[in-house]
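Analysis of the macromolecular model
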Amino acid sequence: VDAHPDFFVFSGGTAFNSYTSLLAERTPAVAYCLPISDNGGSTAEIMRILGGPAIGDIRSRLLRLSRSQPKVALLQHRLPGSSEDAKAEWLTIVEGSHPLWASIPADEKQLVRAFLVHFYQAVLAQLPAFPASQRPFDYAHGSVGNFFFTGARLFFASLPAAIRLWQHIAGIDPRTHVLPVIDTNWCMTIAAELTDGTLIIGQNEISHPGHGAVDKADAGGQSLPGEARIARIFYVDERAHEVSPPANPAALQKLLESRAIVYGVGSLFTSVIPCLVLPEIGAMIEQLSVPKVLILNTSLDRETRGFTGLDFIEAICAACHGAGRPATAFITHVLYATGSKVPLDLNRVAALNITAVEVPATEDTQGRPIFQGAGLVDALLSLLPTPLRSA
């Protein structure tokens, strides 16, 4: 079964995760398009030794969608912060003696373990190539899921094949698609150009301002100007050269087939916009006559300091190369939460011919407003023609 998607969702691997299960209960026919540009955490260590695309966001979404909880528990596991303890625990996982294997059937255990072993062998194969000044692979804080998906990608020489494998063994509905926005086996990340001309190389550096900024005029400049905003996002290779990779053809096909486009909550410039700056993506969004829905963040982060809802709209249109086009070419609806911390001028939104829809809110553990999950899903479904394709 391969139904056309009811929704095509642009998002990262964290913020939208809390809504995926609720959405799947109403319609499994959803295509998730995720970036491959995260160069932080244990992903950074994998990329340092083995190269390849970042798979952290994809791993996070796949595990959230999975039905097999014992295997999910294994792949969600993170190793200790001590390098020595992490290496010792990793060996028990590879050898198959770790307690997390206990609830996994023997045949499935061997299937998953084979790709963890393949990852380990790939790391060991790099040891003779290390110069004396370069440290070997550090397993501290390592994500077992990242190790598995990297091992599968290396085995198949294909990230989509690794995704398909996991979807099959984890019981993910075949009508659900998890798509990297770029299909590559090469290391690729993003850079940001700020309004004052400063460049920041790497998604992790963009998300944590003040670390690793590089000024155009002075390569030694390391400070992020306090009032500067992100002017544009673009891709760079492992040598920090600007590149223009093609969009994943499979993602473009599912986008073409979708009944609605959703820009999910999360980091605007490091989760959503990296998917939109590829020229083919923006061009196709403009051509499609379907609802194009921005789920407006309920609070601001370091990437969007001082933003209003209109700034989010403008940033998405700019990322889609929409200069001179009406905003409705890329956004037809904005869903905003009751009590949102992001100001939204409803009169100005209406002047753009964009429909604003208020969605009930609840609070997170820190007392900040977030979308009430069922209300958000109801609002999304209300924008679709009926019946659902997946019904």
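Use the structure listed above.
Because the structure is predicted, anything quoted here is derived from the model rather than measured.

Focus on the sheet that holds strand β2 (residues 30-34)
With parallel pairing, seven strands are arranged side by side in an open sheet as β3-β2-β1-β9-β10-β11-β12. Edge positions in the open sheet fall to β3 (177-180) and β12 (355-359), since each of these has one partner strand only. Averaged over all neighbouring strand pairs, the angle between strand axes comes to 20 degrees, with direction disregarded. As paired elements, strand β1 (residues 7-10) and β2 share four bridges and run parallel to each other.

Thoughts on the pairing of β3
Taking every second residue as pointing to the same face, both faces of β3 are buried, with His177 and Leu179 on one and Val178 and Pro180 on the other. Judged from the four bridges that link them, β2 and β3 form a sheet pairing that is parallel. Following the sheet pairing, Ala31 is matched in β3 by His177.

Re the environment of Asp364
Mapped onto the secondary structure, Asp364 falls in the loop between β13 (361-363) and β14 (369-371). For Asp364, a relative accessible area of 21% gives the class partly exposed. Linking Asp364 and Ile316, residues 48 residues apart in sequence, is a C-alpha distance of 26 Å. Of the polar contacts made by the side chain of Asp364, one reaches the backbone nitrogen of Gln366; its length is 2.9 Å.

Some words on the pairing of strand β10 (residues 292-295)
Of the two faces of β10, both are covered, the one formed by Lys292 and Leu294 as well as the one formed by Val293 and Ile295. In terms of strand pairing, strand β9 (residues 261-263) meets β10 through three bridges, oriented parallel. Across the sheet, the residue bridging to Val262 is Val293, located in β10. Of the crossover connections in this fold, the one passing from β10 over helix α13 (residues 309-319) to the parallel strand β11 (residues 333-337) is right-handed.

Examining the packing of helix α10 (residues 249-257) against helix α12 (residues 279-287)
For the pair α10 and α12, interaxial distance at closest approach is 10 Å and the crossing angle is 10 degrees. Classified by the angle between their axes, α10 and α12 sit roughly parallel to one another. Contact residues: α10 offers Leu252, Leu255 and Leu256, while α12 offers Glu280, Ile281, Met284 and Ile285. The residue inventory of the contact of α10 with α12, partitioned by class, reads six nonpolar, no polar and one charged.

Thoughts on the packing of aromatic side chains
A ring pair, where both rings are aromatic, is described by two values, the distance of the centres and the angle of the planes. Throughout the structure, instances matching the rule amount to 22 aromatic pairs. Measuring from ring centre to ring centre gives 5.9 Å for Phe149 and Trp166, while their planes differ by 75 degrees; the resulting arrangement is edge-to-face. With Phe149 in helix α7 (residues 144-156) and Trp166 in helix α8 (residues 159-169), this pair connects stretches of sequence that are 17 residues apart. Residue classification places Phe149 among the buried residues on the basis of a relative accessible area of 2%. Counting every residue linked through ring pairs, the aromatic cluster contains Trp90, Phe119, Tyr120, Phe137, Tyr139 and Phe147. Positioned above the aromatic ring of Tyr32, the side-chain terminus of Arg61 is 4.8 Å from the ring centre.

Things to note about the side chain of His333
Positionally, His333 belongs in strand β11. Note on His333: relative accessible area 16%, which makes it buried. Within the structure, His333 has its side chain in polar contact with the side chain of Thr332 (distance 2.7 Å). Residue contacts for His333: discarding those within four places in its chain leaves Pro291, Lys292, Val293, Leu294, Ile354, Thr355 and Leu383.

Conventions used here
- Residues numbered from 1 in each chain as written.
- Predicted model: local features only at pLDDT ≥ 70, side-chain atom pairs only at ≥ 80, totals over all residues.
- Heavy atoms only, no water.
- Pairing = 2+ DSSP bridges.
- Helix = DSSP H or I, 4+ residues; strand = E, 2+ residues; numbered from the N terminus.
- Axes fitted to C-alpha atoms, helices over the stretch in contact; angles between N-to-C directions.
- Buried < 20%, exposed > 50% of the residue type's maximum accessible area, 1.4 Å probe, protein only.
- Polar contact = N/O pair within 3.5 Å; in protein donor to acceptor, adjacent residues only side chain to side chain.
- Right-handed = clockwise from strand over helix to strand, strands pointing away.
- Parallel < 35°, antiparallel > 145°, perpendicular 65-115°, else oblique.
- Contact = heavy atoms within 4.5 Å.
- Nonpolar A, V, L, I, M, F, W, Y, C, P; charged D, E, K, R; others polar.
- Phe/Tyr/Trp six-rings, centres within 6.5 Å; stacked < 30°, edge-to-face > 60°.
- Lys NZ or Arg CZ within 6 Å of the ring centre and 35° of its normal.

Taken by themselves, the reported measurements are silent on function.
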